[in-house]
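Residues per chain are reported as follows:
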Amino acid sequence: MKKLLAFALALVMVLSMASFATAEGLNIGVCIYKFDDNFMTLYRTELESYLTGMGHTVTVVDGKNDQAEQTNQINSFIAQGVDVMIVNLVQSTAAATVIDLAAAADIPVVFINREPTADDLAIWEKVCYVGADARQSGTMQGQIVLNTENKGDINGNGKVDYVMIIGDPENVDAQYRTEYSVKALTDAGLEVNELFAQRGDWDQAKGQELAATALAQFGNEIDVIFCNNDAMALGAVQAIRDAGRVVGEDIYLLGVDALAEAVELVNAGEMTGTVLNDHVGQAHTAADVAVKVAAGEIPEKNYTVDYVMVTGK
Ligand code: BGC
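A brief look at the structure comes next. (Residues numbered from 1 in each chain as written. Predicted model: local features only at pLDDT ≥ 70, side-chain atom pairs only at ≥ 80, totals over all residues. Heavy atoms only, no water.)

### Observations concerning the nonpolar core
What counts, and what does not: We call a set of buried residues a nonpolar core when its members are Ala, Val, Leu, Ile, Met, Phe, Trp, Tyr or Cys and they connect through side-chain atoms within 4.5 Å of each other. For every residue, the accessible area (1.4 Å probe, protein chains only) is compared with the maximum for its type, and the residue is labelled buried under 20%, exposed over 50%, or partly exposed between those bounds. Two residues qualify as a contact provided that any one of their heavy atoms is within 4.5 Å of a heavy atom in the partner residue.
Ranked by size, the top nonpolar core spans 69 residues in total, and within it L47, I86, V110, I112, I222, I225 and L253 carry the most contacts. Leaving out residues up to four positions away in the same chain, I222 has contacts with N155, D161, V163, L195, A214, L215, R245, D250 and I251. I74, A95, I107 and V109 belong to the second largest nonpolar core, which has 21 residues in total.

### A word on the sheet that holds strand 4 (residues 109-112)
Note the following rule: Two strands are counted as paired when DSSP detects at least two bridges linking them. In this description a helix means any DSSP run of H or I spanning at least four residues, a strand means any run of E spanning at least two, and both kinds are numbered starting from the N terminus. Helix axes are fitted to C-alpha atoms over the stretch in contact, other axes to C-alpha atoms as well, and angles between N-to-C directions run from 0 to 180 degrees.
Ordered by their spatial adjacency, six strands build an open sheet running 2-1-3-4-5-11, and the pairing between neighbours is parallel. The two strands at the open ends of the sheet, each matched to only one other strand, are strand 2 (57-62) and strand 11 (302-304). Going from strand to strand, the sheet's axes swing by 20° on average, the running direction of each strand aside. In this sheet, strand 4 lies alongside strand 3 (residues 84-87) in parallel orientation, the contact comprising three bridges. Following the sheet pairing, I86 is matched in strand 4 by V110. The sheet contacts of helix 2 (residues 38-53) involve strand 1 (27-32), strand 2, strand 3 and strand 4, and relative to strand 2 the element is tilted by about 160°. On top of the sheet, helix 3 (residues 67-80) reaches strand 1, strand 2 and strand 3; it is set at about 175° to strand 1, its chief contact.

Below you can see the structure in the form of structure tokens.
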């Protein structure tokens, strides 16, 4: 009986220690594809402060847009024996390699922002993805255009002539936003005409350069400039000003993310609209899921946070 009691007591102690270890004091490795990205900067800042606020130790590293560098960082997190990793891949195609490395060391991975394929996520039970469904953001961009008085055909030639400034053609967010923004228009029965589509790598300076090139080449033919994110749209705003065009009067401009600067421009009428990419919701979900998987819980494969349409006041 005594022995049984001692065993029960020991069990309670072990269990409470285990739950203590999972409640706080986790060692968490966070990999960001590159620090020099407006949206991911907001995201990682929120993620870090939320996790440290819960009492965890967080190390955030900059992949510098180089997958080889990021894979080294993952290997060093594994060597340090972190409890869980939160990974914003440089290249979604590297997911399987990362999962194999993590599984061999039994360190769970929560992928964020750049979605691995369902096949990759199926490789190991302790991996999952937290993000938003980029189809939704593309559709919302298209809906904002549909809600304008001329349904996007601001030059009145009977079709929506558009420019597409793409984030990165390998990235699912970019692919879906590109496809679904236009699909919303064609689904509504509109005729569309793509004048120009090029990659701007999610980058403001490149967005400006591409918008300037398109404006110089196609002038008043352009009805709409779609940008896969706000950083590139902020660049396009400058190019539109420089070209003497006026958003809402002779051209429309759309972004995604709802960066504070973009929302100000939407309210001032210099952008037609944007779509909130909820970095706070995504950061909190990713953190909460990471803590649970570190505690041994088997995650769902996908956790999705909704986008929200943002148009002027
Ligand atoms: C965001 C972009 C960001 C990219 C990075 C996208 O979801 O909308 O602003 O540059 O993720 O992967």
